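# Architecture at a glance
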Amino acid sequence: MTWRALRRNPAGLAGAAVLGAVCLSVLLAPLLAPGDPAEQDLDRRLQPPAWAPGGTWRHPLGTDALGRDILSRVLYGGRVSLLIGVVGVTLAGSLGLALGLAAGYVGGAADAFIMRLADVQLAIPFILLAIGLIAAIGPNVRNLILVLGVTGWVVYARVIRAAVLGLRHREFV
């Protein structure tokens, strides 16, 4: 979508602004966070948010059961979520692009094998496959990104394959 089309759609512009603000605040977490997200202060545990009675602006979203600042934890946790989402989708898109191009351009047995592999993967529920893979290779961020990339390639591969098959027999190719 181009910038001109986005400017004509106020809901899309508002969504882009919110998404941009969230991404910017997460990237600037060390500057915006009021404290260390892991620092515990049991004297200040379970404090309410600043706008509630008894809340202070020292902890704008309050504190958890261990006295850790919730805003700091949200900002730093968002960094991990953003990393997992961006790298996972990039990996899935890259893998899907390569396999979709191979299936559409080469055709024949390669196309049949890649598309049957995609059908098998689509037949297994995503969450069940993800839990099984994480249990097999171990729970950490790198493995989660790998699982998201390996299980998300199918959609990209099918779209790319369809586009390649449509272009493959055109006169200009």
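Refer to the preceding data block for the structure.
Residues numbered from 1 in each chain as written. Predicted model: local features only at pLDDT ≥ 70, side-chain atom pairs only at ≥ 80, totals over all residues. Heavy atoms only, no water.

Here the focus is unusual backbone geometry. Of all residues except glycine, most have a negative phi; of all peptide bonds, most are trans. A positive phi is found at Leu46, a non-glycine position, where the angle reads about 55°. By secondary structure assignment, the location of Leu46 is in the loop between helix H3 (29-32) and helix H4 (70-106). Among the residues examined, Leu46 registers a relative accessible area of 57% and is labelled exposed. (Helix = DSSP H or I, 4+ residues; strand = E, 2+ residues; numbered from the N terminus. Buried < 20%, exposed > 50% of the residue type's maximum accessible area, 1.4 Å probe, protein only.)

The subject of this paragraph is the pattern of salt bridges. The tally for this structure, following the rule as stated, stands at 6 salt bridges. Measuring nitrogen to oxygen at the nearest pair gives 3.9 Å for the salt bridge that ties Arg73 to Asp64. With a relative accessible area of 35%, Arg73 lands in the partly exposed category. Exposure remark for Asp64: the relative accessible area of 16% places this residue in the buried category. (Salt bridge = Lys/Arg side-chain N within 4 Å of Asp/Glu carboxyl O.)

Another aspect to go through is the side chain of Asp69. Looking at the secondary structure, you find Asp69 in the loop between H3 and H4. In this structure, Asp69 is buried with no salt-bridge partner, the nearest side chain bearing the opposite charge being Arg58 at 7.9 Å. A distance of 2.8 Å separates polar atoms of two side chains, one belonging to Asp69 and the other to His59. With residues up to four places along the chain from it excluded, the contact list for Asp69 reads Pro34, Arg58, His59, Pro60, Gly62 and Thr63. (Lys, Arg positive; Asp, Glu negative; His and termini not counted. Polar contact = N/O pair within 3.5 Å; in protein donor to acceptor, adjacent residues only side chain to side chain. Contact = heavy atoms within 4.5 Å.)

The N-to-C vectors of helix H2 (residues 10-27) and H4 enclose an angle of 110°; their axes lie 8 Å apart at closest approach. Between H2 and H4, the crossing angle belongs to the class labelled roughly perpendicular. Every residue of H4 that contacts H2 at Cys23, Ser25, Val26 and Leu27 is listed here: Leu75, Gly78, Arg79 and Leu82. By residue class, the composition of the contact of H2 with H4 is 5 nonpolar, 2 polar and 1 charged. (Axes fitted to C-alpha atoms, helices over the stretch in contact; angles between N-to-C directions. Parallel < 35°, antiparallel > 145°, perpendicular 65-115°, else oblique. Nonpolar A, V, L, I, M, F, W, Y, C, P; charged D, E, K, R; others polar.)

Direction vectors running N to C along H4 and helix H7 (residues 141-151) enclose 40°, while the axes themselves pass 7 Å from each other. Both H4 and H7 take part in a crossing whose hand is right-handed. Touching Val80, Leu83, Ile84, Val87, Gly88, Leu91, Ala92 and Leu95 of H4 are Val141, Leu144, Ile145, Leu146, Leu148, Gly149 and Val150, all from H7. A class-by-class count of the residues in the contact of H4 with H7 yields 13 nonpolar, 2 polar and no charged. (Left-handed = near helix turned anticlockwise from the far one by under 90°.)

Take helix H6 (residues 126-137) next. Each full turn of the α-helix corresponds to 3.6 residues, which orients residues three or four apart in the same direction. Taking 1.5 Å per residue, 12 residues should reach 16 Å; H6 reaches 16 Å between its end C-alpha atoms and fits that length. Each element contacted by the buried residues of H6 is listed here: helix H5 (108-123) and H7. Following H6 by one or two positions, Gly138 has its phi on the positive side, about 105°. (Expected span 1.5 Å × (residues − 1).)

For H5, with 16 residues, the first-to-last C-alpha span of 23 Å sits near the 22 Å given by 1.5 Å per residue. All of the buried residues in H5 are Asp111, Ile114, Met115, Ala118 and Gln121. In an axial view of H5, the angular spread of the buried residues amounts to 115°, which keeps them on one side of the axis. The exposed residues of H5 that point more than 90 degrees off its buried face are Gly108, Ala109, Phe113, Val120 and Ala123. If you follow the buried residues of H5, they end up packed against H4, H6, H7 and helix H8 (153-168). (Arc of directions from axis to C-beta.)

A word on the nonpolar core. Counting 7 residues, the largest nonpolar core is built from Ala103, Ile114, Met115, Ala118, Trp153, Val154 and Ala157. Counting residues per element, the ones that place at least two in this core are H5 and H8. Ignoring anything within four residues of it in the chain, the contact list for Ala118 reads Trp153 and Val154. (Core = buried A, V, L, I, M, F, W, Y, C linked by side-chain atoms within 4.5 Å.)

Functional significance is not addressed by these values, which are geometric in nature.
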